[in-house]
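# Summary of the model geometry
Residues per chain, in single letters:
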Amino acid sequence: MAGSLEKSEDARKRLLADVAHELRTPLTIINGTVDAMMDGVLPTDERQLKIIKGETVVLTRLISDLRDLSLAEAGKLKLEKSTIDWADLIQWKLEQFRPLAEAKGVTLQFESAGGLPPVSADWVRMEQVLG
């Protein structure tokens, strides 16, 4: 039991370090962009504002994820189960990641052997897992 508690504490410390890093990154981008705009290094235009807006979306998602994690640890995370077709879910996530992959010269392709059985699961949570 002591070993299990130690592993749990180590996992919690890693999680906190990861969360701090994940929160710091968009804040650094926002801060740097605003500073550069204020100093006249970057123009105050729609492109720069879109960058800032995008990073606020990332921050909002991270904070929401932290709330979900807290609810899960407390056993209070509600699941919205439905019948999920794995091929549809995988194709959906693939389409979301395609622009990022293509920008890096990577081609994403999904080939299904067919006949994957549907499952009862929470689409949003499974999407998070795949993401």
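Now for a description of the structure that goes with this document. (Residues numbered from 1 in each chain as written. Predicted model: local features only at pLDDT ≥ 70, side-chain atom pairs only at ≥ 80, totals over all residues. Heavy atoms only, no water.)

## Points about the overall build of the chain
Short version of the rule: Strands here mean DSSP runs of E at least two residues long; helices mean DSSP runs of H or I at least four residues long; both are numbered from the N terminus. Restricting the calculation to C-alpha atoms gives the radius of gyration, and the globule rule supplies 2.2 Å times the number of residues raised to the power 0.38. Throughout, exposure labels follow a simple rule: accessible area from a 1.4 Å probe, protein chains only, divided by the maximum for the residue type, with under 20% read as buried, over 50% as exposed, and the rest as partly exposed. Only heavy atoms matter for contacts: two residues are in contact if any of them lie within 4.5 Å across the pair. Accessibility throughout is a Shrake-Rupley quantity obtained with a 1.4 Å probe, and a residue counts as covered only by protein chains that appear here. We treat Lys and Arg as the positive residues and Asp and Glu as the negative residues; His and chain ends play no part in the count. One atom stands in for each charge, and that atom is NZ of Lys, CZ of Arg, CG of Asp or CD of Glu.
A count of helices and strands for the chain gives four helices and two strands. Its C-alpha atoms give the chain a radius of gyration of 20 Å, more than 25% over the compact-globule value 14 Å for 131 residues. Along the first, second and third principal axes, the C-alpha atoms of the chain reach 55 × 45 × 25 Å. In the chain, which comprises 131 residues, the share counted as buried stands at 16%. The contacts of the chain with a sequence gap of at least 6 include a subset with a gap of at least 24, amounting to 69%. When the accessible surface of the chain is split by element, carbon and sulfur atoms take 60% of a total near 10000 Å². Averaging the positions of the 17 positive and the 21 negative side-chain charges in the chain gives two centres separated by 5 Å.

## Some thoughts on the packing of helix 3 (residues 86-103) against helix 4 (residues 123-130)
Geometrically, a packed helix pair is captured by the angle between its two axes and the distance between the axes. Here is the rule we go by: A fitted line through C-alpha atoms represents every axis, and for helices the fit uses only the stretch in contact; the resulting angles, taken between N-to-C directions, go from 0 to 180 degrees. Working definition: roughly parallel below 35 degrees, roughly antiparallel above 145 degrees, roughly perpendicular at 65 to 115 degrees, and oblique for all remaining angles. Rotating anticlockwise by less than a right angle from the far helix to the near helix defines a left-handed crossing, while the corresponding clockwise rotation defines a right-handed one. Here the term charged refers only to Asp, Glu, Lys and Arg, the term nonpolar to Ala, Val, Leu, Ile, Met, Phe, Trp, Tyr, Cys and Pro, and the term polar to all other amino acids, Gly among them.
At a minimum axis separation of 10 Å, helix 3 and helix 4 run at an interaxial angle of 55°. When the interaxial angle is binned, helix 3 and helix 4 end up oblique. For the pair helix 3 and helix 4, the crossing hand works out as right-handed. Taken together, the residues of helix 4 that come into contact with helix 3 (itself represented by W86, D88, L89, I90, W92, K93 and Q96) are W123, M126, E127 and L130. Split by residue class, the contact of helix 3 with helix 4 holds seven nonpolar, one polar and three charged.

## Notes on a nonpolar patch on the surface
The line we're drawing: Like-charged residues within 9 Å of one another, or nonpolar side chains (Val, Leu, Ile, Met, Phe, Trp, Tyr) within 5 Å, are grouped into patches, provided each residue has over 30% relative accessible area and no salt bridge. Criterion for a salt bridge: a side-chain nitrogen of Lys or Arg within 4 Å of a carboxyl oxygen of Asp or Glu.
Taken together, the side chains of L15, L66 and L69 present a nonpolar region at the surface, about 200 Å² in accessible area. As for its placement among the helices and strands, L15 is situated in helix 1 (residues 2-38). We classify L15 as partly exposed; its relative accessible area is 33%.

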